[in-house]
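Chain by chain, the residues run as shown.
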Amino acid sequence: MPSSSPSPHSSPASVAATLRTAGCVFAEDEARLLLSAARGPEELAAMVARRTSGLPLEHVLGWAEFTGLRIAVEPGVFVPRRRTEFLVAEALAQAPDASVVVDLCCGSGAVGAALAAVLTGVELHAADIDPVAVRCARRNVAGYDGHAHEGDLFDALPADLRGRVGILAANVPYVPTQEVGLLPPEARDHEPLAALDGGGDGLDVLRRVAAGARHWLARGGCVLVETSERQAPSAIETFEAGGLSTRLAVSEELYANVVIGVRS
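Within each chain, residues carry numbers counting from 1 in the order of the written sequence. Totals for whole chains, interfaces and linings use all residues, but because this is a predicted model, local features are given only for residues with pLDDT of at least 70 and pairs of side-chain atoms are given and counted only at 80 or more. The side-chain numbers reported here are obtained from all heavy atoms of the structure, hydrogens and water having been left aside.

What about the packing of helix H1 (residues 12-21) against helix H3 (residues 41-52)?
Fitted lines through C-alpha atoms give the axes, limited to the stretch in contact for helices. The angle between two N-to-C directions lies from 0 to 180 degrees. A run of DSSP states H or I qualifies as a helix once it reaches four residues; a run of E qualifies as a strand once it reaches two. Both are numbered from the N-terminal end. One can describe the packing of H1 onto H3 by two numbers: an axis separation of 9 Å at closest approach and a directional angle of 20°. By the angle between their axes, H1 is roughly parallel relative to H3. H3 is crossed by H1, and the crossing has right-handed handedness. The residues of H3 that touch H1, namely those facing Val15, Thr18 and Leu19, are Leu44, Val48, Arg51 and Thr52. Of the residues in the contact of H1 with H3, the class split is 4 nonpolar, 2 polar and 1 charged. Throughout, the term roughly parallel applies to angles under 35 degrees, roughly antiparallel to angles over 145, roughly perpendicular to angles from 65 to 115, and oblique to all others. Note on convention: near helix rotated counterclockwise from far helix by under a right angle means a left-handed crossing. Clockwise means right-handed. Whether two residues are in contact is decided by their heavy atoms, any of which lying within 4.5 Å being enough. Any residue that is not Ala, Val, Leu, Ile, Met, Phe, Trp, Tyr, Cys, Pro, Asp, Glu, Lys or Arg is counted as polar, Gly included; the first ten are nonpolar and the last four charged.

Some details on the environment of valine 259
Relative to the helices and strands, valine 259 resides in strand S9 (residues 256-262). On the basis of relative accessibility, which here comes to 0%, the residue valine 259 falls in the buried class. Between the C-alpha atoms of valine 259 and alanine 232, which are 27 residues apart in sequence, the distance is 7.2 Å. Each residue touching valine 259, except ones within four places of it in the same chain, is listed here: Val223, Leu224, Val225, Thr227, Ala235, Ile236, Phe239, Thr246, Arg247 and Leu248. Residue burial is assigned from relative accessible area. The probe radius is 1.4 Å, only protein chains are included, and a residue is buried under 20% of its type maximum, exposed over 50%, and partly exposed in between.

Remarks on the sheet that holds strand S8 (residues 245-251)
Strands qualify as paired when DSSP identifies two bridges or more between them. In spatial order, the strands read S5-S4-S3-S6-S7-S9-S8; together these 7 strands make up an open sheet with mixed pairing. Bordering the open sheet on either side are strand S5 (147-150) and S8, each of which pairs with just one other strand. Across this sheet, the average inter-strand angle for adjacent strands is 20°, counted without regard to direction. Pairing of strand S4 (residues 123-128) with S5, which is carried by 4 bridges, proceeds in the parallel orientation. Residue pairing across strands places alanine 127 opposite histidine 149, the latter belonging to S5.

A closer look at the packing of helix H9 (residues 204-216) against helix H10 (residues 232-241)
One can describe the packing of H9 onto H10 by two numbers: an axis separation of 8 Å at closest approach and a directional angle of 25°. Here H10 runs roughly parallel to H9, going by the angle between their axes. Along this stretch, H9 crosses H10, giving a crossing that reads as right-handed. In this structure, H9 contributes Leu206, Arg207 and Ala210 to the contact, and H10 contributes Ala235, Thr238 and Phe239. Of the residues in the contact of H9 with H10, the class split is 4 nonpolar, 1 polar and 1 charged.

Notes on the environment of glycine 54
Its place among the elements puts glycine 54 in the loop between H3 and helix H4 (57-61). For the pair glycine 54 and glycine 261, spaced 207 residues apart in the sequence, the C-alpha separation amounts to 38 Å.

Some remarks on the environment of valine 79
Tracing the backbone through its elements, the reader meets valine 79 in the loop between strand S2 (69-72) and helix H5 (85-94). A residue is classified by how much of its surface remains accessible, and valine 79, at 5% relative accessible area, is buried. Linking valine 79 and tryptophan 63, residues 16 residues apart in sequence, is a C-alpha distance of 8.8 Å. Apart from the residues lying within four places of it in its own chain, the contact partners of valine 79 are Glu58, His59, Ala64 and Glu191.

The following block contains the structure:
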């Protein structure tokens, strides 16, 4: 996107026009958010310049809306997608009485925070291999007495969680390596590759989660991952091979596919 700045006395219309010229599809909505966030004309000009340079809107604002919550995000952290709200809804439907929740590959910790906001007295843990994401997640789960851990998948978790987890939400990367370059610039240029690249067929990390999930789940506990429609059959087979009763949930409205495995 070309870089440009509004005048010091920018109106909503002029800010929207600047954003639209730079290629922002929802220019009017973004203009309203930037105007409400800026504490003065100079800050507004700086925010619009960052946005028109290609930085994701959520990174410019410092937050993203997710399941009605304001989730803190920062540059270099994966921005929670609206379609992932479907994973949260499915987790709550599957395990409405869960007392222990783990948000694996947590990024900002949005999924864990959204679950803890609904479940009563839940013990919440989030984990990610990226230290920047863990620092951000810590901010978002703190209000729920949650804990954020740095490390590779299950290696990051406290050992005493084994066999106790009611909901294991793992928003794993699932873009095939050769397709990462086809993602929108906002994602491929400003979000960590580890949060996007799922390996040759996009299922490398999912396989590792499926292989270990059963050992961490409580009886009746569930693990949920997001995947594409094309990958769903292979993901289901992988979960079943991991000893889990498995089903696929689909939201056509959100273009979301969630594979759910349950420890019987």
